[in-house]
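Here is how the chains run, residue by residue.
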Amino acid sequence: MTASHESSTRLRLLHISDTHLFGDDSLHYDIVDTTAALKRVLARASQTEHVDVVVLSGDLSEDGTPAAYRRLRDLVEPWAAERGAQVVYAMGNHDLPDAFTDVLGDRRRVIELGGHRIVVLDSSVPGAAYGSISAEQLAWLSGVLSERAELGTTVVLHHPPTPAVTPLLHLLELDDPHALLNVLEGSDVRLVLSGHYHHPLVALERGIPIVVAPGVTNTSDVTAPAGVERATIGAGFAIVDVPASGSPRVSIVTAPSPRDGELVFELDAAEIRRIADGFGAPA
């Protein structure tokens, strides 16, 4: 394959996650201006040469209001349009389905782009923070994947089908990742893009790369002591190149601010258990 043909068939994804926007000027944890953080991410990403698709993998809104989704759309879509890029949105556990659908469109969809295919799933559970993929949705996905795409498939969902690193998110994982991985294994899926964990992570599950984007609203501290969930100010994104053949390449980019590293929250074991009891999967 010539270099020019490889360039024309490569899919470049700007992967953004966990924007947690408000419909007004509220601050996340009374500290983080999430709109300003997203603007900083987009400004930093503007230096990226060529983008085909902007993927936002969930927890797009903090308050679930139509105004929050309109704010997101009005920031991201003109940025993408200037570059001829498509925008793909996925539901997260903070998102509310009616407002999401009214402003951003379907919560489950298939996008074809130059031989590449992107499949978006909804892993949210109403009123909860853990993730789940219903049997009906898995059957739908299996049907989609039964016909292979020319250059393979990228799957997008909020909750990663790989274990969390930090203690709270470990209790708020995808409830049955193996059910999803059973469908993906042996298919043309080359990549899974997720969020939820608020820090960059790349893992292999059944030989499939799982790429978790950095959070926009804050960064989970993977160096916190055992039993402590800590987050600090910090934002970033991933640039993911999917070639016509071979392994995807992932670059993690920060969008720094003068306040990076400032504490957003720190939860002890009792508070982690309280949140997990209220919003985690049933025992």
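Notes on the structure follow. (Residues numbered from 1 in each chain as written. Predicted model: local features only at pLDDT ≥ 70, side-chain atom pairs only at ≥ 80, totals over all residues. Heavy atoms only, no water.)

Observations concerning the environment of Pro-177
Tracing the backbone shows Pro-177 in helix H7 (residues 177–184). Pro-177 sits in the partly exposed class, given a relative accessible area of 21%. Residues Pro-177 and His-159 lie 18 residues apart in sequence; the distance between their C-alpha atoms is 9.2 Å. (Helix = DSSP H or I, 4+ residues; strand = E, 2+ residues; numbered from the N terminus. Buried < 20%, exposed > 50% of the residue type's maximum accessible area, 1.4 Å probe, protein only.)

Things to note about the sheet that holds strand S2 (residues 53–57)
What the 5 strands build is an open sheet, ordered S3-S2-S1-S12-S13; its pairing is mixed. Looking at strand neighbours, the two that pair on one side only are strand S3 (86–90) and strand S13 (249–254), the edges of this open sheet. With direction set aside, neighbouring strand axes in the sheet form an average angle of 20 degrees. Examined bridge by bridge, strand S12 (residues 236–242) and S13 share 6 bridges and lie antiparallel to one another. Its bridge partner being in S13, Asp-241 is matched across the sheet by Arg-249. Against the sheet, helix H3 (residues 66–82) contacts strand S1 (11–16), S2 and S3, and its axis sits at roughly 145 degrees relative to S3. (Pairing = 2+ DSSP bridges. Axes fitted to C-alpha atoms, helices over the stretch in contact; angles between N-to-C directions. Contact = heavy atoms within 4.5 Å.)

Some points on unusual backbone geometry
Non-glycine residue Asp-59 carries a positive phi angle of around 50 degrees. Examined against the element boundaries, Asp-59 turns out to sit in the loop between S2 and H3. The backbone of His-198 sits at a positive phi, close to 65 degrees, despite the residue not being glycine. Classification of His-198 by relative accessible area gives buried; the value is 10%.

As for the pattern of salt bridges
In total, this model carries 14 salt bridges according to the counting rule given. The salt bridge partner of Asp-122 is Arg-107, with a shortest N-O separation of 2.7 Å. Of the two residues, Asp-122 is situated in the loop between strand S5 (116–120) and helix H5 (135–145) and Arg-107 in the loop between helix H4 (97–104) and strand S4 (109–113); the sequence distance between them amounts to 15 residues. Owing to a relative accessible area of 10%, Asp-122 belongs among the buried residues under this scheme. Residue Arg-108 is joined to Glu-136 by a salt bridge in which the shortest nitrogen-to-oxygen separation is 3.1 Å. Here Arg-108, found in the loop between H4 and S4, pairs with Glu-136, found in helix H5; they are 28 residues apart in sequence, far enough to count as distant. For Glu-136, a relative accessible area of 48% corresponds to the partly exposed category. In this structure, a network of salt bridges that share partners links the residues Arg-10, Arg-12 and Asp-241. (Salt bridge = Lys/Arg side-chain N within 4 Å of Asp/Glu carboxyl O.)

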